[in-house]
Each structure stands twice: as structure tokens, then as C-alpha cells.
Amino acid sequence: MSSDTTDIPADIDPANQPHHTTRGLRGFLDATELDTRLLGMVGALALIWVGFHLYGALVNGFGAFLTPRNLWNLSVQTSSIGIMACGMVLVIITRHIDLSVGSILGFCAISMGVIQVDVLPAWLGLGHPMIWVIAALCGIALGAVIGSFHGFLIAYGKIPAFIVTLGGLLVWRGAAFLVARGETISPVDSTFALLGGGPYGSIGATGSWIVGLIACAAIVGLLLWGRRQRRKFHFPLRPVWAEWFLGLLGCGLVIGAVLLVNAYPWPRGIVRRYAEAEGITVPDGGLFISHGFAIPVLILLAVAIAMTILMTMTRFGRYVYAIGGNPEAAELAGINSRLMTVKIFSIMGGLAGLSAVVASARLNSATNSLGTLDELYVIASAVIGGTSLAGGVGTIYGAILGALVMQSLQTGMVLIGFDAAIQQVVVGSVLVLAVFLDILYRGKSK
Amino acid sequence: MTDQTPLVEMKDICISFGGIHAVDHVSINLYPGEVVGLLGHNGAGKSTLIKILSGAYQMDSGEIRINGEKATIESPRDARRYNIETIYQTLALADNLDAAANLFLGRELTTPLGFVDDAQQEAETRKIMARLNPNFKKHKEPVSALSGGQRQSVAIARAVYFKARILIMDEPTAALGVHETQMVADLIQELKKQGLGIFLISHDTREMMDLCDRVSVMKNGKVVGTERVEDVTEDDILSMIILGKNPLREGAEEPA
Ligand SMILES: Nc1ncnc2c1ncn2[C@@H]1O[C@H](COP(=O)(O)OP(=O)(O)O)[C@@H](O)[C@H]1O
Ligand SMILES: [Mg+2]
């Protein structure tokens, strides 16, 4: 604790601020209104990252974790699980569970594979520019329809979600096999493949700076708008230094992320082929072309923003929390919880469809086993990210951090050479431990 | 008062759950500015009766009239349309949401873009709580962090804010301490003065004698009797609850 307190610079000492009466670390947190849970998760993530890096450096003589290359890959690998975790938050908040997301992903992926490789080229001609759009939309719609069907059985058929989606886990995995009789469909449409990342599926240095600057502008805009709202309604204002701190922290993280993804260059072979195709001569020292943000990461970001808006700013989101907090109260307040259940599972299914786009594009192929065991990682991400299985509590940003934690563990263990069996033991234990810590945390904050 | 149109008339209401006649041919009414108490043992059918009025249950037979006109109440939403608000002992708040979110639940204020206007909601909540319960400070915390009385004041604020004309209170003080019970009693008096009609359920006969204008006693789904509080003693009420007979008028119909 004492070492934490000294982290606060003297010039941002929160004393004498009317907004809060506490001092020290507590005062700092009150002033910035930062969530201790969020900080805990960021701390855990930092620990995992530094831990793996040091382990690699000390034991293998090379710390491979904290490198642009690894972190960039980590961001891409997190996307697919992260997208689904956003939906799982809604499902778990309303005291349900969805065990079928991995299978829905597999079924959607193989269906999209058939659509873009067998069906659409026959109609539109091979390489038609609309193929990827139509295929992706079909996949998302298919997922949403399957999800609605599950939701319908749960809400109106009164079958527990556990059973419906356990059935779905088997049904859709089997159906995925039947769609293409177990064949792998490869390669997918070349534009479609960009949605999975890779050198061409990234937006490059300039694009990344543009995204980064927009994000910084949004952070500053939100802080200013929030301050104006508070003044308008005479709510206590955050101290000015705290606003500056949050703004600088947010923008610093964004710019750091841009610098990071821009520091990871295209591999030599791809640069050479690209240069040949474009008629550029490669200088002696080689050509440094940055990856920048990968497209699947931007998709995850867009999903996260949209879902956060949905959950925090709309009636729909308010009702999701209300149903989770007290289903009877929600019903008595005139909320149609059955219809809400259908909508929630529909969103979950649609996001599994979107994940299928990202996952099959990344592999540049669709197989019927794609997404196997993903349901466990998705549920684990949401739960590690603070979504309570008792219902009513959970955030989108938490789930994404949870997905990042899960993926970091996974990637880190591969990097330092743990075999698959140990990985499973560790991931399983971490899940149980995370939930236990969460219970302790909630017990204390009550 | 009797020559006015009643605010609520429930006539010959029946509902049964798998053979149990939870409410059995019950008729009861309520006038503006009046508090009618419902008394009776656990399982007498009090909650079931008022849940029919609040739209949580649908009656098997009978008729509900609001201001003399036949009303159809099939869901809580319908009940709200008739300005009926219900305050339950425990059920009605979502613990994980703050006071403002609970107050406006199902009827959120929105910005022109259709988003929930949390700032406006909080401002309105602060305003109304300043009036009803000036000690209320925990606007940012989920209502699980509030005391029973504070939670109840949020529920009551909801009724007041949305201009309820008919208020149903099912054991509103059962979970409260002495001080908080007094606060709720004061609120009831205040709302009565504003002309609301209130159905109040409570086990505390003394409290009911103080707050109500009339009391109805129920047993086994039937109304044993309805009396003006000035016409009866606490002992009369207790014997009605226990014996299921009205000592004042043996075998008499409900007074007009
Ligand atoms: N949803 C229900 N399903 C089955 N029985 C019910 C239901 N609601 C109430 N009852 C029954 O109706 C009777 C009256 O209950 P209730 O209205 O809660 O009594 P009170 O509020 O007077 O204590 C009880 O026998 C109870 O078991
Ligand atoms: Mg009752």
C-alpha cells in the first residue's frame, strides 16, 4: 500500500478539494473517479506481461513478450474472443449463460465459407467486390437468427439457458460438419481475408495515427462534455487536476498503442513481394513498412464502443441491468423481460457470427472445428472481467480486459514453451481464482 | 364522502391458484384522499388482491372500475396508465441500480437523441428526495447500499413523481426500524392530504388504526368485514382477524 501512495506526485495532491474529502490513495481514486476494480485488472495484466517477459529473459535468455511483434499478435488474437465476450456480458448479467457461442461461430464460419466460395462466385463472378460484404452480413445474420431462436426457447419455452445452449453446443457443431461434410474451405475471398488482420489486413502507420488522434479528440471531448453536464446540473465537479490527469493518461495510452503497432514492421518477404508488385526498389537497409492497427482489432474496438453505448446510455442497457438486479422489479416496472431475453441472445448470436468472420478470415479458411472451446474462454473473459454470475453486474470494458488477460496467459505460456496440458491447468485455475478474488472484493465493498 | 364516485371499485373479484381460492368474491372500494387498510393473517389473500389491481396477477372473474369506468388491467404497464403505483415490502427496486435509475425504471427520461438522460434523472431525483427525505444523500450508490427506509422513500418518490392517484402499499414498513416507520407514516399522511387514494397492508393493528380511514379484514380469501376506524376498537379488529367474524354486524353485507 505505502509504495502505491508514493506513486502520486505531490503536485496532484488531492487535499482541499470539495469534490471529495479523502486523502492519499483513496483521495486520488475518489478525485479521478477511477474504479479500483479496473485498476486491479490493469495491475494483474501488467504483472502477467512483465512476468512472462522476465521469465523469458532470465530462463530462455530472450524476453519475447514485451515486443511490438508479440503485443501486436496478442491484440489480433484477443479480437475474436473479445467480440463475443461483449455479448456474453449481457447474457450473464441477466442470469443466463450461453454455452453455444463456439459452435455458432463454427457453423457461421463454415456457412460463410460455402457462401463466398461456392455460392456467390457462381452468381456474381469470382472476385466480385461485393462477395466479402454479403458473406460477412450473412454470417452475422445467421448467428443472430440462431441466437434469437435460443432466446425464444429460453424466454417463451421456459427451458433453462444452460440446457438450450448446451443442446446448441452439440447441434451447431454437428451442423457445421454437415454443411461441408467436414471439408475445410480454403482460401476464402481475398478481401474477406483482410478482416482477419495480417500485413495487408492492417491500416498502416498513417491510418493508425488518424485513428489515434480521433480517439484522443474523443477522450478530450468526453471529459469536457462531462464537466459541462455536471456544471449544468450542479453536481460536484472533479478537480481540474484530475481531469487533466485522466485526459493525459487516456491520450498517453492511445498514443502509446499507436507507437507500438507502428513499431512492428512487415516481414521482409512480404515487403519484397509488395515492392515488386508496386515497382518500388528496396533500399539496402530494407524497407520499414509498419503494420499499424489490425482490422480485427478495430472491429473489436467498434463493437466495444457500440456495446458500451448500448449498455450505459440506452433504455435497453438499463433494462438489462434491471432484469439482472431484480427480475421481479423489472417486470413490475413494465419491462418485457421475455422479449429482452430474445434480443440479448440475438445480439450474442450476431456477435458470434461477427467473430466467425474474424476467425475464419484470420485463418484464411473455414473449418467445422473453428471456435471449439471458445465458449469457455468467452465466459471466462466476462467473469474475469467482473461480470457477476449472480447477475446484475458487469461491464463491457471489463470483459475486454478479461479477454486480454486470458489471451496474454495463453500467448505467454506458448512463448516460454509450456505445453498444452500445462496451459489448460493454468487457465482453468486462473478462472477459479479470479472468481474467488472477485467474491472477496465484492464482500469487502459491501 | 359516500356520494362521490369511488376512485377504485373492485367488485366480486375471484382468483384461484390450482384449487386454492386465494381471493374469493371480494368487493372493496377506495375514495380520493382515503386510506383503506387491509388486515388479516398470512395467506389471507391481501397481497393477491392488490396484485390484481397492480397488474401483477390477472383475476379469474370480477370487475374493476376506476373513477366509475370499467378498467382493463392486464399488466403492470396497464396499471400505470391508470396512475396506479405499487410499493412493495421488498420486490420493487433493482438493487444494483442507483436511486435515480430505480425511480425512472421503465419510464426513463431521454435526450432528443433517444439516450437515457442520466443527468436530468439525477437532478429530478435530487429535487424530489430533498422534499420527501431531506437526509437522503446516497445518489451515486446502488440502492443495495441504502437502509430499508431510504429504499422505501425511493419507491414512494416514484409514486409521487409520476403523480400516482392510487397508491398500493404492501407492508411498506415491515422491514423498517421505528424511526423509519414514522417517516413512512408521515409520508402517507402527506400523500393523503394531496388527495391520493391509498390501499395499505400491514400487520400492525395499532398503526393501521392511526393511519387508515377504513379497514377491511380478510380471512381465507374472503372479506370478513369493512369498518370505519372510529366505529371499532383494536379488539374488534383482532377478533375479526382471528375468528373471521364481524362482531358488529353478524352476517351483514359490506356497508355501502
Ligand atoms: N403465485 C401464486 N401461486 C400459487 N399460490 C399463490 C400465489 N400467490 C398467492 N398464492 C396463495 O394465495 C393465498 C393468499 O396469499 P397472499 O395473497 O400472499 O396472502 P397475504 O398477502 O394475505 O399474506 C395463499 O394461500 C398463497 O399460498
Ligand atoms: Mg402478503
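Residues numbered from 1 in each chain as written. Chains lettered and ligands numbered in written order. Predicted model: local features only at pLDDT ≥ 70, side-chain atom pairs only at ≥ 80, totals over all residues. Heavy atoms only, no water.

K.L.:
Outline the overall build of chain A, supporting the account with residue identities and numerical values.
P.N.:
Secondary structure assignment for chain A yields 18 helices and 0 strands. Projected onto its principal axes, the C-alpha coordinates of chain A cover approximately 70 × 70 × 45 Å. A buried classification covers 50% of the 446 residues belonging to chain A. Within chain A, residue pairs in contact and separated by at least 24 positions form 78% of the contacts whose partners lie at least 6 positions apart. (Helix = DSSP H or I, 4+ residues; strand = E, 2+ residues; numbered from the N terminus. Buried < 20%, exposed > 50% of the residue type's maximum accessible area, 1.4 Å probe, protein only. Contact = heavy atoms within 4.5 Å.)

K.L.:
I'd like a rundown of unusual backbone geometry, residues and numbers included.
P.N.:
Cis geometry is adopted by the peptide bond preceding A:Pro187, which originates at A:Ser186 and carries an omega value of -10°. Structurally, A:Pro187 can be placed in the loop between helix 7 (161-179) and helix 8 (190-193). The phi torsion at B:Asn83 lies on the positive side, around 60°, for a residue other than glycine. Counting through the fold element by element, B:Asn83 comes out in the loop between helix 2 (76-81) and strand 6 (84-87). Classification of B:Asn83 as partly exposed rests on a relative accessible area of 27%. One non-glycine residue, B:Asn220, adopts positive backbone phi at about 50°. With respect to the secondary-structure elements, B:Asn220 resides in the loop between strand 9 (214-219) and strand 10 (222-228).

K.L.:
Which residues make up the sheet that holds strand 5 (residues 69-70) of chain B, and what are the values?
P.N.:
Residue and element names in this part refer to chain B. Taken together, the 4 strands give an open sheet; going across it, the order is 2-1-4-5, and neighbouring strands pair in antiparallel fashion. At either end of the open sheet lies a strand with only one pairing partner, and these are strand 2 (20-30) and strand 5. Strand direction decides the pairing type here: strand 1 (residues 8-17) and strand 4 (residues 61-66), joined by 5 bridges, are antiparallel. Bridging across to strand 4, Lys11 finds its partner in Glu63. Contacts between helix 1 (residues 46-53) and the sheet are confined to strand 1, strand 2 and strand 4, with strand 1 contributing the most and set at about 120° to the helix. (Pairing = 2+ DSSP bridges. Axes fitted to C-alpha atoms, helices over the stretch in contact; angles between N-to-C directions.)

K.L.:
Kindly report on the confidence of the model for chain A, identifying the contributing residues and their values.
P.N.:
Caution applies to low-pLDDT parts of the model: their predicted coordinates are not meant to be read in detail. Residues of chain A with pLDDT of at least 70 account for 95%, and the chain-wide mean is 90. Across residues 1-17 of chain A, confidence stays below pLDDT 50; counting only partners more than four residues off in sequence or on other chains, it has 19 contacts. (pLDDT = per-residue confidence, 0-100.)

K.L.:
So, helix 4 (residues 68-93) of chain A: which residues are in play, and what are the values?
P.N.:
Residues and elements named next belong to chain A. In this model helix 4 runs 35 Å from its N-terminal to its C-terminal C-alpha over 26 residues, within 8% of the 38 Å that 1.5 Å per residue would give. By the criterion of burial, helix 4 is predominantly enclosed, with 22 of the 26 residues buried. In the stretch just after helix 4, Arg95 is the one whose phi turns positive, near 70°. (Expected span 1.5 Å × (residues − 1).)

K.L.:
Help me get a handle on the site of ligand 1, residues and values and all.
P.N.:
Residues and elements named next belong to chain B. Near ligand 1 you find Phe17, Ala22, His41, Asn42, Gly43, Ala44, Gly45, Lys46, Ser47, Thr48 and Tyr57, and these make up its full shell. For ligand 1, an oxygen atom lies 3.0 Å from a polar atom in the backbone of Gly45. One nitrogen or oxygen atom from the main chain of Lys46 is found 2.9 Å from an oxygen atom belonging to ligand 1. In isolation ligand 1 has 560 Å² of accessible area, and contact with the protein removes 64% of it. (Near = heavy atom within 4 Å. Polar contact = N/O pair within 3.5 Å; in protein donor to acceptor, adjacent residues only side chain to side chain. Areas by Shrake-Rupley, 256 points an atom, 1.4 Å probe, with all protein chains shown as cover.)

K.L.:
Please set out helix 2 (residues 24-32) of chain A residue by residue, giving values where relevant.
P.N.:
All names here are of chain A. Within the sequence span of helix 2, burial applies to Gly27, Phe28, Leu29, Ala31 and Thr32. Check the buried side of helix 2 and you find it contacts helix 3 (36-60) and helix 10 (240-262). Phi turns positive one or two residues past the end of helix 2, at Glu33, with a value near 55°.

K.L.:
Tell me about the pairing of strand 4 of chain B, and name the residues and values.
P.N.:
Residue and element names in this part refer to chain B. Pairing of strand 4 with strand 5 involves 2 bridges; the strand directions are antiparallel. Across the sheet, the residue bridging to Arg65 is Lys70, located in strand 5. Hairpin connection between strand 4 and strand 5: a loop of 2 residues separates the two successive antiparallel strands, and Asn67 in this loop has a positive phi of roughly 55°.

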